[in-house]
Amino acid sequence: MNIVECRDVRKIYRQGKVEVYALRGVDLSIEEGGFLALAGPSGSGKTTLLNIIGGLDYADAGSISVNGNQIDRMNQTELANLRLHNIGFVFQAYNLIPVLSALENVEFVMLLQGVSPTERRSRATAILDDVGLDGLYHRRPAELSGGQQQRVAVARAIVSNPSIVLADEPTANLDSKSGEGLLEMMREMNEKKGVTFIFSTHDKMVMDFARRLVQIRDGLVAEDQVKE
Amino acid sequence: MYLQLAWRNIWRNPRRTIVIMTAVVIGVWAMIFLGALMRGVSAQMVKNGIATLTGHIQIHQRGFRNDPVIENSMHEPEMVEALLAEYLPSDARWSPRVRVDAIANNARHSGGLTLVGIDPEREAGVSFIGQAVVKGEYLDAGDEYGIIVGQALVDKFETKLGRKLVFMSQDTERDIASRAFRIRGVFRAEMEATEKQYAFITKGAAQKMLKLGAGISEISILLADYEDAESVADNLKEVIPPDSYEVETWRELLPLVTAVLKMYDWFIYIWYLVIFIAMGFGIVNTILMAVFERIREFGLFRALGMKPLWIVKEVLTESFFLLTLGMIIGSGLGLLSIHALADTGIDLSALSEGLEFVGMSRVIYPVIIIRDIVVANLVVLVLGIAVSAYPAIKAARFTPVEAMART
Ligand SMILES: Nc1ncnc2c1ncn2[C@@H]1O[C@H](COP(=O)(O)OP(=O)(O)OP(=O)(O)O)[C@@H](O)[C@H]1O
Ligand SMILES: [Mg+2]
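The model shown is predicted, which means the values in this text are computed figures rather than measured ones.

Thresholds, definitions, all that
Residues numbered from 1 in each chain as written. Chains lettered and ligands numbered in written order. Predicted model: local features only at pLDDT ≥ 70, side-chain atom pairs only at ≥ 80, totals over all residues. Heavy atoms only, no water. Near = heavy atom within 4 Å. Polar contact = N/O pair within 3.5 Å; in protein donor to acceptor, adjacent residues only side chain to side chain. Areas by Shrake-Rupley, 256 points an atom, 1.4 Å probe, with all protein chains shown as cover. Contact = heavy atoms within 4.5 Å. Buried area = accessible area lost by both parts, 1.4 Å probe. Salt bridge = Lys/Arg side-chain N within 4 Å of Asp/Glu carboxyl O. Helix = DSSP H or I, 4+ residues; strand = E, 2+ residues; numbered from the N terminus. Nonpolar A, V, L, I, M, F, W, Y, C, P; charged D, E, K, R; others polar. Buried < 20%, exposed > 50% of the residue type's maximum accessible area, 1.4 Å probe, protein only. Pairing = 2+ DSSP bridges. Right-handed = clockwise from strand over helix to strand, strands pointing away. pLDDT = per-residue confidence, 0-100. Patch = residues over 30% accessible without salt bridge, like charges linked within 9 Å, V, L, I, M, F, W, Y side chains within 5 Å.

### Notes on the site of ligand 1
Residues and elements named next belong to chain A.
Thought 1: Taken together, the neighbourhood of ligand 1 is formed by 14 residues, with S42, K46, T47, T48 and H202 sitting nearest.
Thought 2: In this structure, S44 approaches ligand 1 through a main-chain N or O atom, which is 3.3 Å from an oxygen atom.
Thought 3: The separation between an oxygen atom of ligand 1 and a polar side-chain atom of E169 is 3.2 Å.
Thought 4: Considering ligand 1 on its own, with 630 Å² of exposed area, one finds that the protein chains cover 67% of that surface.

So this is what it looks like as structure tokens:
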């Protein structure tokens, strides 16, 4: 079963009289449990596509289904619920709430979901251990390295067992060693928990790690390569 | 954790938090402290009014209040006094009086005033005059020709202790009644007007001069607590024949004071509002600033699936903490300043000439009224939260995409 189905997805940004065709008819199916990277030059539309799949932004045309939900027909509240329960995000930076500790950042999503405090605590500590952050529970984001912060973000993204994790250039601010560590960790989570990961990236290493590499150019899928 | 989030957020920029909290503290302090001073002024007005000669409740012959001539006196006060002895609470005191407008003369001056015939011993338990004599002595019950006058009157008439004053008035037979009295004592009062207005003689002397027999003009009653005036008056109205007698409380007897008291209520609440408006701009600005600094964070909240309403709640919780902290400190300081002034008061003698006509004293003591403190805090809290709604809604409107675009 495909967890993401994009059919002829189009997105046009209008700024005054200027129209930017960010997506010009993207067709893309992503299988459940995938570990996929979207690559392509700057401005090609990777972030736009991720945002649309994640329900952060609306497409102008086309149909998008995520986990069986036709999200192009959903309203803001339904999208918020979908994000809360089915989609995890990892951004390039500023992923964490600065005034909360690592543990609290992970718990925060479960708080929004209404998970009981004791369960929140045990799930959050377990996932932080999984991503290699045992002992750093009570550090604030400012007291963690960039790589550690991204691990917290991944932990938060997967703690409530979403169908997909969307990661927009998650390694862009990391040195190659931390980047590799992070990628290994995500691959482990992908294999262990079966969570689908979709990345956008310029990073050669991410492309190497990915099991499927989709090249986007000028708002279109230019190349789709499944590695074995 | 939700509350922790808000709590920690307000301390992210401690300087800003302290600035806005200081504004709230000063605002609440000003509300409570100046409110208490205004209450002090009005309490003093009531007290002066009551102590001067009003008492808490008065009883007159029906008609006397409309036309206070001697013919409208109470002719059978014994019966009323018997009822009072039976129905008043045991700690209440009362005093019968004769009251008549008269003209005072001496060799150089003449002027109008109110001659008050009192039962010296009982009057001392009811009105200020018992403690007010500063020169000479208080009246004896049997004194037929003694009089006590105010210092201001003594000055005005250029007379002194032991000298005579001649008083003229109309008696019950509509003849001119005239009698000479010797100044036995001089009194001082809170207000100069009182010193000029009243002269005290014995009840017996007044009754003889006016050919009044046993009649009196009024009975003034002092209760243990002035708040009881209404309920006690209602009880008395049940037993004292209403077609012959009128029972009135200080609120009815001092209509000016009552009106001023009402006005003060408004003054205080307008004062609260004025302060709040000044403070409100600061609150809105500060919170707006804090919100704009955190656009990315609110975008992140939204991306994580937080509903806009939660974001509104989050921002409002932050301002709730700010306001509550400011309110606690401000109220505390307000109460402290009131406490500090409780014994000394604030001396307004320099201004007292102008203030006296409304019945204000020379020294005002702040008075704490719980309701005022509650209202002040409610104003700050409710309106504070209300104005914070604007930045809160702004925060909820940032969409994740535009928030994330601002790197
Ligand atoms: N909010 C926006 N308003 C107007 N144009 C936009 C907006 N966001 C993106 N674009 C334009 O849409 C196109 C696609 O942008 P997008 O951010 O998806 O590219 P990207 O592939 O993620 O690039 P990068 O690798 O630099 O992150 C670009 O031409 C960009 O300028
Ligand atoms: Mg991008």
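The rest of the description comes next.
### A look at the interface of chain A and chain B
Thought 1: Contacts between the two partners involve 27 residues from chain A, matched on the other side by 22 residues from chain B.
Thought 2: Looking at the side of chain A facing chain B, the largest losses of area belong to A:Y94, A:V99 and A:L112, adding up to 23% of the total buried there.
Thought 3: On the surface where chain A and chain B come into contact, there are one salt bridge.
Thought 4: Close ionic contact of B:R8 with A:E104 constitutes a salt bridge, the shortest N to O distance being 2.6 Å.
Thought 5: Breaking the side of chain A that touches chain B down by element, the ones donating at least two residues are α2 (76-86) and α3 (102-113) of chain A.
Thought 6: A per-class count over the side of chain A that touches chain B returns 15 nonpolar, six polar and six charged.

### Brief notes about the pattern of salt bridges
Note on pairing: side chains with opposite charge can pair once their charged atoms come close.
Thought 1: Overall, the coordinates contain 36 salt bridges over all chains when judged by the stated rule.
Thought 2: The shortest N-O distance in the salt bridge between A:R14 and A:E19 comes to 3.0 Å.
Thought 3: On the basis of relative accessible area, A:R14 is assigned to the exposed category, the value being 52%.
Thought 4: A salt bridge links B:E192 to B:K196, with the shortest nitrogen-to-oxygen separation between them at 3.5 Å. Placement of both B:E192 and B:K196 in helix α7 (residues 192-197) is noted, with a separation of four residues, approximately one turn of the helix.
Thought 5: We classify B:K196 as partly exposed; its relative accessible area is 36%.
Thought 6: Each of B:R12, B:R294, B:E297, B:E314 and B:E318 takes part in one network of salt bridges that share partners.

### Observations regarding the environment of A:V9
Thought 1: For A:V9, the location among the structural elements is in strand β1 (residues 2-15).
Thought 2: For A:V9, a relative accessible area of 1% corresponds to the buried category.

### Digging into the pairing of strand β8 (residues 196-201) of chain A
Residue and element names in this part refer to chain A.
Thought 1: Across the six residues of β8, six count as buried, placing the element largely inside the fold.
Thought 2: As judged from the five bridges shared by strand β3 (residues 35-39) and β8, these two strands associate in the parallel manner. From the neighbouring strand, A39 faces β8, where its bridge partner is T201.
Thought 3: Two strands pair when backbone bridges link them, and strand β7 (residues 164-168) and β8 are joined in this way by five bridges, in the parallel orientation. Among the inter-strand pairings, A167 is bridged to a residue of β8, identified as F199.
Thought 4: The β-α-β motif built from β7, the intervening helix α6 (residues 176-193) and the parallel element β8 has right-handed crossover chirality.

### Things to note about unusual backbone geometry
Thought 1: Of note, A:Y94 is a non-glycine position whose phi angle comes to about 50 degrees, a positive value.
Thought 2: Taking relative accessible area as the criterion, A:Y94 reaches 53% and is therefore assigned exposed.
Thought 3: Unlike most non-glycine residues, B:R174 shows phi in positive territory, near 65 degrees.
Thought 4: With respect to the helices and strands, the residue B:R174 is situated in the loop between β6 (164-170) and β7 (176-187).

### Here's the deal with the confidence of the model for chain B
Thought 1: Confidence in the prediction for chain B averages 89 pLDDT; 96% of positions are at 70 or higher.
Thought 2: Listed scores for the predicted complex are pTM 0.79 and ipTM 0.91.

### Describing a nonpolar patch on the surface
Residues and elements named next belong to chain B.
Thought 1: Taken together, L273, I277, F281, L335, I368, I370, V374, L378, V382 and L383 make up a surface patch of nonpolar side chains, about 900 Å² in accessible area.
Thought 2: Those elements that provide at least two residues to the nonpolar patch are α11 (255-293) and α15 (370-397).
Thought 3: Here the nonpolar patch gets five residues from one element, more than from any other, and that element is α15.
Thought 4: Structurally, L378 is set in helix α15.
Thought 5: Given the relative accessible area of 44%, L378 is considered partly exposed.

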